[in-house]
Amino acid sequence: MALDENIYELRREKIKKIEALGQPTYRSKFEFTHTVEQILADYLPKTAEELEQSRVNVRVAGRIMAIRLMGKAGFAHIQQGGKKLQIYVKKDAVGEKGFELYKLLDLGDHIGVSGYLFRTRTGELSVHVEDLTFLSKDLLPLPEKWHGLTDVELRYRQRYVDLFMNPEVRGVFLKRTKMIQSFRHTFDMRGFIEVETPMMQPIAGGAVARPFVTHHNTLDMDLYLRIAPELYLKRLVVGGFDRVYEINRNFRNEGLGWRWNPEFTMLEAYQAYTNYQGIMDLTQESITAAANAVNGSSKSNWTRTVDGKEVVEELDWSNWQRLTMREAIINFWPEKAGAKPEMSDFASAEAVKKLVDRFNAGHSHMPYDANAPTGKTIAELFEACAEEHLMQPTVIYEFPTAVSPLSKQKPDEPDWTERFEIFAGQMEISNGFSELNDPEDQRQRFEAQLKERERGDEEAHQMDEDYIRALSYGMPPAGGVGIGMDRLCMLLTDQHTIRDVILFPLLRPEKQSTAEPAENAEEKN
């Protein structure tokens with residue numbers, strides 16, 4: 001019999017013994033007077049004398065994280081809400097049955113206690129237990145060294161264990177909550193309305209990505225899990241909701257990686273009567289506010305490896321730089337590739353090809369497709385040349401029209417759009433633009449994307465006739481933005497894989513473990 005299965009059966013026997021003591025084995029509730037956090041906050045400053053003078057009675061519950069028996073007494077630590085509190089159980093105080101119950105307890109069990117607060121000889125604040133209540137049994141052994149497991153996927157797969165074994169993991173997700181609350185506050189205070197849009201859509205639109213496909217049986221139609229809520233939010237702007245936002249789950253049928261999860265969270269917002277510069281300012285402001293909410297400061301640490309050594313970068317979310325895409329390529333042009341480009345070098349396909357040739361001659365190779373639009377090649381050159389240098393919060397603006405099917409063109413340069421992206425920690429965290437509101441221009445952009453699909457680009461945007469119809473009713477000028485909540489959370493909490501900021505990230509199918517109890521195996525698959 002495998003170790004875990006053996007322990008499982010032994011603890012089931014303990015449940016029977018606990019039941020024989022008159023204790024319900026899985027109670028429906030426990031009436032408490034304090035949480036562990038409240039007790040620590042209110043009484044940790046109190047001296048032993050102060051606690052003795054005015055006896056403080058408490059009823060509190062938690063999970064046992066440490067337990068030891070010493071003859072007719074014992075100590076244990078219970079944990080609740082990420083905080084720990086010591087309890088002292090003495091046979092004379094809890095009685096024969098109460099102490100028999102204590103001896104049947106294991107690490108991981110949930111209990112409730114009532115008693116009074118005191119300090120031990122070592123000065124530790126503790127509960128002198130007068131009544132012990134059994135709440136639920138942990139049937140599986142707690143890992144001894146959870147954080148250092150070789151199989152790191154186990155921490156993600158069994159996040160329920162990870163959260164109570166590692167307080168720092170719990171802390172990351174509490175910070176994530178604060179971050180999202182901060183964004184809501186920022187947008188709510190500026191008159192934005194939070195809305196909900198469809199997660200199943202007849203056309204995968206609003207972004208350039210490969211969608212997940214599902215099927216509705218009653219309507220006998222294929223649907224796509226949304227890759228972005230953009231086109232529905234802009235329909236709402238047409239309908240008169242001048243300021244809307246949604247914190248949404250998006251789904252993209254793409255690869256896994258340290259920055260990518262097929263299911264991820266975005267905040268998307270649209271504001272009528274402004275342009276990309278107005279929404280850019282609001283985005284910066286909201287990110288700076290979120291950094292302060294999470295860390296109590298506009299600065300956060302970002303650890304990276306350079307030449308095999310860990311280097312801690314201090315990201316300053318109150319100090320932003322702004323560069324156009326062309327300026328970024330010029331600014332970060334590698335010395336080995338020769339003289340820095342001039343603005344005129346981005347004006348024609350021939351000149352851009354020469355830039356690519358020069359870059360490839362003095363740097364790692366970037367692919368070149370002679371049939372691709374010139375703007376797409378420029379965007380790829382930016383990714384190869386500049387993106388790795390964008391450590392501090394940086395706004396990159398003015399993107400090629402060829403890679404921006406939903407954004408408004410610059411009036412004086414139709415090959416370029418009023419679009420921006422925000423980078424930090426060498427990765428993109430936000431994308432926004434002046435929204436395209438000319439229905440004929442939008443149709444032409446969609447048609448250009450269809451040609452890209454014909455060339456084999458499965459991620460190119462599809463035609464959406466209803467969205468063009470919505471624009472035909474008239475959409476006011478507007479600025480829109482999407483902010484990646486997961487990536488930003490990574491940067492604010494110094495987590496270096498997206499799995500560490502998503503509670504239940506997508507994982508490969510679990511291999512059946514022989515150490516798992518047979519009767520539980522079916523339930524989990």
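Residues numbered from 1 in each chain as written. Predicted model: local features only at pLDDT ≥ 70, side-chain atom pairs only at ≥ 80, totals over all residues. Heavy atoms only, no water.

Brief notes about the packing of aromatic side chains
Move 1: On inspection of all chains with the given rule, the structure shows 10 aromatic pairs.
Move 2: Relative to Tyr397, the ring of Tyr276 lies with its centre 6.5 Å away and its plane at 45°, an arrangement referred to as tilted. Here Tyr397 lies in strand 15 (residues 394-400) and Tyr276 lies in helix 9 (residues 276-295), a separation of 121 residues in the sequence.
Move 3: Exposure remark for Tyr276: the relative accessible area of 6% places this residue in the buried category.
Move 4: Ring geometry for Trp317 against Trp320: centres 6.2 Å apart, planes inclined by 65°, an arrangement best described as edge-to-face.
Move 5: Exposure remark for Trp317: the relative accessible area of 0% places this residue in the buried category.
Move 6: An aromatic cluster is defined as three or more aromatic residues linked by ring pairs; in this entry it consists of Phe75, Tyr88 and Phe118.
Move 7: Between the NZ or CZ atom of Arg63 and the centre of the ring of Phe164, over which it lies, the distance is 3.8 Å.
Move 8: In this structure, Arg326 packs its charged tip against the face of Trp416, placed 3.9 Å from the ring centre. (Phe/Tyr/Trp six-rings, centres within 6.5 Å; stacked < 30°, edge-to-face > 60°. Helix = DSSP H or I, 4+ residues; strand = E, 2+ residues; numbered from the N terminus. Buried < 20%, exposed > 50% of the residue type's maximum accessible area, 1.4 Å probe, protein only. Lys NZ or Arg CZ within 6 Å of the ring centre and 35° of its normal.)

Some details on the confidence of the model for the protein chain
Low pLDDT means the predicted atomic positions in that stretch should not be read closely.
Move 1: Mean pLDDT for the protein chain: 92, with 95% of residues reaching 70 or above.
Move 2: Contacts for the low-pLDDT stretch residues 514-525, under 50 throughout, to residues beyond four places or in other chains number 18 contacts. (pLDDT = per-residue confidence, 0-100. Contact = heavy atoms within 4.5 Å.)

A closer look at the packing of helix 7 (residues 167-189) against helix 9
Helix-helix packing is described using two parameters, namely the angle between the two axes and the distance between the axes.
Move 1: Remark: helix 7 packs on helix 9, axes separated minimally by 8 Å, with the N-to-C direction vectors making an angle of 140°. Taken as axis vectors, helix 7 and helix 9 run oblique relative to one another. The element helix 7 and its partner helix 9 pack so that their crossing is right-handed. Side by side, helix 7 and helix 9 meet where Lys175, Lys178, Met179, Ser182, Phe183, Thr186 and Phe187 of the first sit next to Leu282, Ser286, Ile287, Ala289, Ala290, Ala293, Val294 and Asn295 of the second.
Move 2: Class assignment of the residues belonging to the contact of helix 7 with helix 9 gives a composition of 9 nonpolar, 4 polar and 2 charged. (Axes fitted to C-alpha atoms, helices over the stretch in contact; angles between N-to-C directions. Parallel < 35°, antiparallel > 145°, perpendicular 65-115°, else oblique. Left-handed = near helix turned anticlockwise from the far one by under 90°. Nonpolar A, V, L, I, M, F, W, Y, C, P; charged D, E, K, R; others polar.)

Quick look at unusual backbone geometry
Move 1: Positive phi values are uncommon outside glycine, yet Asp220 reaches one of about 50°.
Move 2: The residue Asp220 is located in the loop between strand 8 (213-216) and strand 9 (221-225) in this model.
Move 3: One non-glycine residue, Asp494, adopts positive backbone phi at about 60°.
Move 4: Inspection of the secondary structure assignment puts Asp494 in the loop between helix 15 (485-493) and helix 16 (518-524).
Move 5: Overall, Asp494 belongs to the partly exposed group, its relative accessible area being 24%.

Things to note about the pattern of salt bridges
Move 1: All told, the structure shown has 35 salt bridges when counted by the stated rule.
Move 2: With a closest N to O distance of 3.4 Å, Lys16 and Glu13 form a salt bridge. Remark: Glu13 and Lys16 occur in helix 1 (residues 3-20); sequence separation between them is 3 residues, near one turn of the helix.
Move 3: Taking the relative accessible area as the measure of exposure, Glu13 reaches 40% and is therefore partly exposed.
Move 4: Taking the shortest distance from any N to any O, the salt bridge between Lys376 and Glu452 comes out at 3.7 Å. Pair noted here: Lys376 is in helix 12 (residues 374-385) and Glu452 is in helix 13 (residues 439-454), with a separation of 76 residues, a long-range link.
Move 5: What makes Lys376 partly exposed here is its relative accessible area of 24%. (Salt bridge = Lys/Arg side-chain N within 4 Å of Asp/Glu carboxyl O.)

Quick word on the environment of Trp302
Move 1: Along the chain, Trp302 turns up in strand 12 (residues 299-306).
Move 2: As for Trp302 and Phe187, which are separated by 115 residues in sequence, their C-alpha atoms are 27 Å apart.

Details of the packing of helix 8 (residues 230-238) against helix 14 (residues 465-472)
Move 1: Running from amino to carboxyl end, helix 8 crosses helix 14 at an angle of 25°, the nearest separation of the two axes being 9 Å. In terms of axis orientation, helix 8 runs roughly parallel to helix 14. As helix 8 packs across helix 14, the resulting crossing turns out to be left-handed. On the side of helix 8, the interface is formed by Leu231, Lys234, Arg235 and Val238, while helix 14 contributes Asp466, Tyr467 and Ala470.
Move 2: Its residues assigned to classes, the contact of helix 8 with helix 14 comprises 4 nonpolar, no polar and 3 charged.

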